[in-house]
Amino acid sequence: MADDPQTRFEQDLAIDPRVDSPAREGLTGTARGDVYEPRRDPEDITAAPDQRPMDEQPRWRQDFAIDTPEDNFIARRDFAKFLVLTSGAFVAGQAWIAAKSLVRDRRAPPGRQRIASLGMVPPGSAMMFTYPGDDPCLLIRMRDGKLVAYSQKCTHLSCAVVPKIDEGILRCPCHEGVFELATGRNIAGPPPRPLPVIELDVVGEDVFATGVTERTV
Amino acid sequence: MPVPQHLEFFVDPSRCIGCQACVHACTECDTHRGDAMIHLEYVDRGTSVQTVPVVCMHCEQPTCAEVCPADAIKRTGDGVVQSARKPRCIGCGNCVVACPFGVPELYIDRAIMMKCDMCYDRTSIGKKPMCATVCPSQALFFGTREQALALRPKSTPTNKFRFGEQSITTRVNVMVPRRPATPMQIDVTAAMDERPRNRSMRLPVLDTADPFAEVEV
């Protein structure tokens, strides 16, 4: 048996062919990892029971491959599909947000509306009004007589904020959010953005609301 | 690391003496301690003591993997059909019903199918499967085809089986007698009704009485 594959195998390994030699266990002995070769092309080894080629097989047989290399290939392909589709969804979402903000910027500004007279808000007090439409807002007159107005809806989850004029803050009781009274900036707690500012115009004794400025920072 | 291609499994049922050494060697294995993946079956227990060891035949078209709804049975590139993957197997038992050789077994307590994987931890590093190392009559032989042919001059290995309409080619070979004629394939369903022809020894002790009849004491 000159051309015996086991003999060649042992010669490649340089194993002592005697059965009781130390490098050898049983008949075949121990082997290094680099002496084996796979029998078939790992990309094309599934044989269907009817022996017809893979192109003629039903679709499910390609999706549920029996052989491990092909199964791993399908898992890789599914992962690539997942990556592409998920990033595509993110791109579509960003485009949707951009389109919405464009539409919002082009919307006509709310009209000018009289909301109070100066006599209704002495220094150190606040009053509620709605502007534009039914949106609740706060008109606040600070100790030095300066007037500010903000939307009352907290930018976190739309709870009503409470003005604390002596402490110089607007406090949201729901989750302990705090806004600065003078500017409406979010200074503590969960609110992500400052309160929208209602622009005011004082003509004589009358206070008018002229617009809303939404801010992101 | 794959099982080397020149090493093959040869099962010679006519040499089996029913000593259960393979079963107990299989039970010792750490990967499934206490459970034997090899089955030792009686051919016709009423009239004969002939046993046959049943290992996984590692089909070219594995029926167990074909019917698996959870995609849990996979074959590696070297042609070895692996046991069910634990994260995938749902313990439905489809493979148990489908396998024509009756190899897979369902372990209800851990809800998983386990079957012979040709001792992949051993054969993939060039060692023999556990059952083949202990078989005293070499009914289970693992080695090169040249060695098998030299050891069994009156037999020839075959790996083609027919179960009714289904043809199966396997990686594991079964030794069949050369005479009177070397079969092209083993027609298992047709052979089920066949009686043994020569060299068979009948033990007619049970012919007169029904062995499973209830005995009145």
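This text goes with the structure placed above it.
Nothing here was measured: the structure is a model prediction, and the numbers come from that model.

Caption draft 1: Geometry of the overall build of chain A. A count of helices and strands for chain A gives three helices and ten strands. For chain A, the α and β elements follow one another from N to C terminus as α-α-α-β-β-β-β-β-β-β-β-β-β. Within chain A, contacts between residues at least 6 apart in sequence are counted, and of these 36% link residues at least 24 apart. Accessible surface, chain A: about 13,500 Å² in total, of which carbon and sulfur atoms supply 57%.

Caption draft 2: Examining the sheet that holds strand E8 (residues 186-188) of chain A more closely. All names here are of chain A. Judged by pairing direction, the sheet is antiparallel, and its four strands sit side by side in the order E5-E6-E7-E8 without closing on themselves. What marks the edges here is a single partner per strand, and that holds for strand E5 (162-164) and E8. Averaged over neighbouring strand pairs, the angle between their axes works out to 35° when direction is ignored.

Caption draft 3: Inspection of the state of the cysteines at higher detail. Counting across every chain of the model gives one disulfide over all chains. Each sulfur of the disulfide joining A:Cys159 and A:Cys174 lies 2.0 Å from the other. Judged by the sign of its S-S torsion, about -95°, the bond between A:Cys159 and A:Cys174 is left-handed. You can see A:Cys159 sitting in the loop between strand E4 (147-151) and E5 and its partner A:Cys174 sitting in the loop between strand E6 (169-172) and strand E7 (177-180), a full 15 residues away along the chain. Of all cysteine sulfurs, the one in B:Cys119 lies closest to B:Cys29, which takes part in no disulfide; the gap is 5.7 Å. Residue classification places B:Cys29 among the buried residues on the basis of a relative accessible area of 16%.

Caption draft 4: The side chain of B:Ser155, seen in detail. Here B:Ser155 is to be found in strand E7 (residues 155-163). Discounting residues that sit within four places of it in the chain, B:Ser155 has contacts with B:Met175, B:Val176, B:Pro177 and B:Arg178.

Caption draft 5: Geometry of the pairing of strand E3 (residues 51-54) of chain B. Residues and elements named next belong to chain B. Residue alternation in E3 divides its side chains into two sets, Thr-51 and Pro-53 and Val-52 and Val-54, and both sets are buried. Bridging between strand E2 (residues 39-42) and E3 involves four bridges; their strand directions are antiparallel. Directly across from His-39, in E3, lies its bridge partner Val-54.

Caption draft 6: Expanded view of the sheet that holds strand E9 (residues 186-187) of chain B. Residue and element names in this part refer to chain B. The five strands lie next to each other as E6-E1-E8-E7-E9, forming an open sheet whose pairing is mixed. Only two strands of the sheet have a single neighbouring strand rather than two, namely strand E6 (140-143) and E9. Note that strand E1 (residues 8-11) and strand E8 (residues 166-177) share two bridges and pair parallel. Within E8, the residue paired with Phe-10 across the bridge is Asn-173.

Caption draft 7: Summary view of the environment of B:His58. Residues and elements named next belong to chain B. With respect to the helices and strands, His-58 occurs in the loop between E3 and helix H2 (63-67). Accessibility expressed as a relative area gives 1% for His-58, which makes it buried. Here the alpha-carbon distance between His-58 and Met-118, two residues 60 residues apart in the chain, equals 8.5 Å. Beyond its immediate stretch of four places on either side in the chain, His-58 contacts Gly-79, Val-80, Val-81, Lys-115, Cys-116, Asp-117, Met-118, Thr-170, Arg-171 and Val-172. Within the local environment of His-58, its side chain forms a polar contact with the backbone nitrogen of Val-81, the two atoms lying 3.0 Å apart.

Caption draft 8: Main features of helix H3 (residues 68-106) of chain A. Residues and elements named next belong to chain A. Taking 1.5 Å of rise per residue, the 39 residues of H3 would be expected to cover 57 Å, and the 57 Å separating its terminal C-alpha atoms lies within 8% of that figure. Taken together, the buried positions of H3 are occupied by Thr-68, Glu-70, Asp-71 and Ile-74. Buried-residue contacts for H3 involve helix H2 (59-63).

Caption draft 9: How the structure looks around the side chain of A:Ser117. Residue and element names in this part refer to chain A. Counting through the fold element by element, Ser-117 comes out in strand E1 (residues 113-117). Accessibility expressed as a relative area gives 19% for Ser-117, which makes it buried. Beyond its immediate stretch of four places on either side in the chain, Ser-117 contacts Glu-205, Asp-206 and Val-207.

Caption draft 10: Expanded view of the pattern of salt bridges. As enumerated under the stated definition, the model contains 15 salt bridges over all chains in all. Salt-bridge contacts for A:Asp71 lead to B:Arg85; the nearest nitrogen and oxygen are separated by 3.4 Å. Linking A:Asp71 in helix H3 with B:Arg85 in the loop between H2 and helix H3 (94-98), this pair reaches from one chain into another. In this structure, a network of salt bridges that share partners links the residues A:Asp71, B:Asp71, B:Lys74, B:Arg85 and B:Arg88.

So, how was this worked out
Residues numbered from 1 in each chain as written. Chains lettered and ligands numbered in written order. Predicted model: local features only at pLDDT ≥ 70, side-chain atom pairs only at ≥ 80, totals over all residues. Heavy atoms only, no water. Helix = DSSP H or I, 4+ residues; strand = E, 2+ residues; numbered from the N terminus. Contact = heavy atoms within 4.5 Å. Areas by Shrake-Rupley, 256 points an atom, 1.4 Å probe, with all protein chains shown as cover. Pairing = 2+ DSSP bridges. Axes fitted to C-alpha atoms, helices over the stretch in contact; angles between N-to-C directions. Disulfide = S-S within 2.5 Å. Buried < 20%, exposed > 50% of the residue type's maximum accessible area, 1.4 Å probe, protein only. Polar contact = N/O pair within 3.5 Å; in protein donor to acceptor, adjacent residues only side chain to side chain. Expected span 1.5 Å × (residues − 1). Salt bridge = Lys/Arg side-chain N within 4 Å of Asp/Glu carboxyl O.

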